[in-house]
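# Inside the fold
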Amino acid sequence: MDIRELKKLENKRKMNKGYMWALFCAILWGIWYIPGTIIWALPPFDAMWINIADPTGAGTYENGTAATLVVAVLISAFNALTVILALLLWNGVLGKFGEMSRTLKEFHPCSKWFFLASIFGGPMAILGSFIAIGFIGAGFAAVAALLYPVIGSILARQWYGEQISKRAWAGIFVIIIGGLTIFVGGAIAEISAGSINYIGYVGGLMAALGWGIEGAIAGKGLDIAEPDVGITIRFLGENLIWWIILVPAVALAGYPIFEYAIQAFNPLSILVLGFAGITFGYCYVSWYKSFPLIGVGRGQGIGNLYGLCAVIFMYLFLAQVPAWTVLVGGALCVLGSFVMISEETGEAESLRGE
């Protein structure tokens, strides 16, 4: 076997390992929507929504939109907190605290990318997903973000020349059609019914844009950093944004967010938030590990199967069935993801352009 054959075999092994990590990401990501849905109905988040939506107790719920947004902010902040705890445990077991310290110190060439990724992944993508859950439902929230590989693939191509094959472009086109079915089809159906939760659709769009941009940015940082360390720094940045900037800003706006944050430290809420932190934290570990091995576009493409996993898990555990527009659009997005990743791994000898 000559050097060319050995290189081809090694590349195939690397790609298969990357696909495995991306599949783990999809499964864990799909499971995350279960605690992400349940937490809305647990104390103090349920009482928080009622008290903000109807402060006079008249039963009018005139501030329902503001209540949903504020609760989404607090849940997103706690999600980030439980994820960072899970990731610190993960890195402690792996003995990577020293590497984390070295990576943090290398701000300009490395860690700045993860802090930048935290802006798009947290206050944009994760908050957008919780907004979509709050206004429309978990089924829509899970499937609405399936457009994100389109954003990530195009940006990775533009920013640092990541190779995208003709087959991958065909998959991107199918995903775009699926996304239009989810958003436009769902909006038309709601308008026909006499109402539309437009803020929920904005949340879904925030999730798709945020995760797509985050993946492309993280791909740059992962040229230097280890994935386990990089994702921990990314969530460190997100926690700083939530607990130092955004949560205090909501409190200054007159909402009792700190009061309910303290009440969230009860056994049931901690259990569900902990489950969310573990599933989402290790899903992100798998996601970041796939990028250096198969590229951002392919990693996001196979990770897109989380939408299918989420719909299955929510049906099995919560008996939730999404609208037909969500099912059809989601099926097209999953089909497009399969098209993206179905190229022969031996053909992709380099992830980046020369």
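What you see is a predicted model, and the numbers here were worked out from it, not measured in a lab. (Residues numbered from 1 in each chain as written. Predicted model: local features only at pLDDT ≥ 70, side-chain atom pairs only at ≥ 80, totals over all residues. Heavy atoms only, no water.)

This next bit is on the pattern of salt bridges. Under the definition given, this model contains six salt bridges. Two residues, Lys289 and Asp228, come together in a salt bridge whose shortest N-O distance is 3.0 Å. Pair noted here: Lys289 is in helix H12 (residues 267-294) and Asp228 is in helix H10 (residues 227-252), with a separation of 61 residues, a long-range link. Grouping residues by exposure puts Lys289 and Asp228 together as buried. Between Glu238 and Arg234 there is a salt bridge, with the nearest N and O atoms lying 2.5 Å from each other. Linking Glu238 with Arg234, this pair stays in helix H10, spanning four residues, or about one helical turn. Pair check on accessibility: Glu238 and Arg234 agree, each one buried. Sharing partners across several salt bridges, the network here consists of Lys96, Glu226, Asp228 and Lys289. (Salt bridge = Lys/Arg side-chain N within 4 Å of Asp/Glu carboxyl O. Helix = DSSP H or I, 4+ residues; strand = E, 2+ residues; numbered from the N terminus. Buried < 20%, exposed > 50% of the residue type's maximum accessible area, 1.4 Å probe, protein only.)

Glancing now at the nonpolar core. Core analysis: the biggest nonpolar cluster contains 105 residues, and Trp29, Tyr33, Trp211, Phe280 and Tyr288 have the highest contact counts within it. Among the elements that line this core, the one with the most residues is helix H3 (residues 64-94), at 13 residues. Setting aside anything within four residues of it in sequence, one finds Tyr288 in contact with Phe114, Ala117, Glu214, Ala218, Leu222, Pro227, Gly230, Ile231 and Arg234. (Core = buried A, V, L, I, M, F, W, Y, C linked by side-chain atoms within 4.5 Å. Contact = heavy atoms within 4.5 Å.)

Further remarks concern unusual backbone geometry. Across the junction of Pro43 and Pro44, the peptide omega takes the value 5°, indicating a cis bond. Mapped onto the secondary structure, Pro44 falls in the loop between helix H1 (3-38) and helix H2 (45-53).

Where H1 meets helix H14 (residues 306-318), the axes come as close as 7 Å, and the angle between the chain directions of the two elements is 45°. One element, H1, and the other, H14, form an angle in the oblique class. Note that H1 runs across H14; the crossing there is right-handed. Packed against H1, whose contacting residues are Ala26, Ile27, Trp29, Gly30, Ile31, Tyr33, Ile34, Thr37 and Ile38, the element H14 presents Tyr306, Cys309, Ala310, Phe313, Met314, Phe317 and Leu318 at the interface. Among the residues making up the contact of H1 with H14, the classes are represented as 14 nonpolar, two polar and no charged. (Axes fitted to C-alpha atoms, helices over the stretch in contact; angles between N-to-C directions. Parallel < 35°, antiparallel > 145°, perpendicular 65-115°, else oblique. Left-handed = near helix turned anticlockwise from the far one by under 90°. Nonpolar A, V, L, I, M, F, W, Y, C, P; charged D, E, K, R; others polar.)

Counted according to the given criterion, the structure contains 27 aromatic pairs. Each ring, one from Tyr284 and one from Trp287, has its centre 5.4 Å from the other, and the planes form 85°; the classification is edge-to-face. Residue Tyr284 and its partner Trp287 are located together in helix H12, separated by three residues, close to a single helical turn. Above the face of the Phe235 ring, Arg234 is positioned so that its terminal group lies 4.0 Å from the ring centre. The ring of Trp21 carries Lys289 above its face, with NZ or CZ at 5.2 Å from the centroid. (Phe/Tyr/Trp six-rings, centres within 6.5 Å; stacked < 30°, edge-to-face > 60°. Lys NZ or Arg CZ within 6 Å of the ring centre and 35° of its normal.)

Mapped onto the present numbering, the UniProt feature "domain: EamA" (unreviewed entry) falls at residues 78-182 and 199-341. In residues 199-341, the share of helix is 86% and the share of strand is 0%. The end C-alpha atoms are 33 Å apart. (UniProt positions renumbered as here; feature names shortened; annotations may be inferred.)

Below, the discussion takes up a nonpolar patch on the surface. Taken together, the side chains of Leu308, Ile312, Tyr315, Leu316, Phe317, Val321 and Leu327 define a hydrophobic patch exposed on the protein surface, amounting to about 740 Å² of accessible area. The leading source of residues in the nonpolar patch is H14, at five residues. On the secondary structure map, Phe317 appears in helix H14. Relative accessible area serves as the criterion here: at 56%, Phe317 is assigned to the exposed category. (Patch = residues over 30% accessible without salt bridge, like charges linked within 9 Å, V, L, I, M, F, W, Y side chains within 5 Å. Areas by Shrake-Rupley, 256 points an atom, 1.4 Å probe, with all protein chains shown as cover.)

At 3.6 residues per turn, the α-helix brings residues three or four places apart onto the same side. The end-to-end C-alpha distance of H14, which contains 13 residues, comes to 17 Å, matching closely the 18 Å that a straight helix rising 1.5 Å per residue would cover. Those residues of H14 that sit buried are Tyr306, Gly307, Cys309, Ala310, Val311, Phe313 and Met314. Looking at the residues trailing H14, positive phi occurs at Ala319, about 55°. (Expected span 1.5 Å × (residues − 1).)

This next bit is on the environment of Ala132. Of note, Ala132 is situated in helix H5 (residues 107-135). Classification of Ala132 as buried rests on a relative accessible area of 0%. Separated by 67 residues in the primary sequence, Ala132 and Ile199 place their C-alpha atoms 7.6 Å from one another. Beyond its immediate chain neighbours, meaning those up to four positions away, Ala132 contacts Gly137, Phe140, Ala141, Gly200, Gly203 and Gly204.

Moving on to the side chain of Asn79. Topologically, Asn79 is positioned in helix H3. The buried category is assigned to Asn79, whose relative accessible area is 1%. One polar contact links Asn79 to Trp32, side chain to side chain, over a distance of 3.0 Å. Beyond its immediate sequence surroundings of up to four residues, Asn79 is in contact with Trp32, Ile126, Phe130, Ala276 and Phe280. (Polar contact = N/O pair within 3.5 Å; in protein donor to acceptor, adjacent residues only side chain to side chain.)

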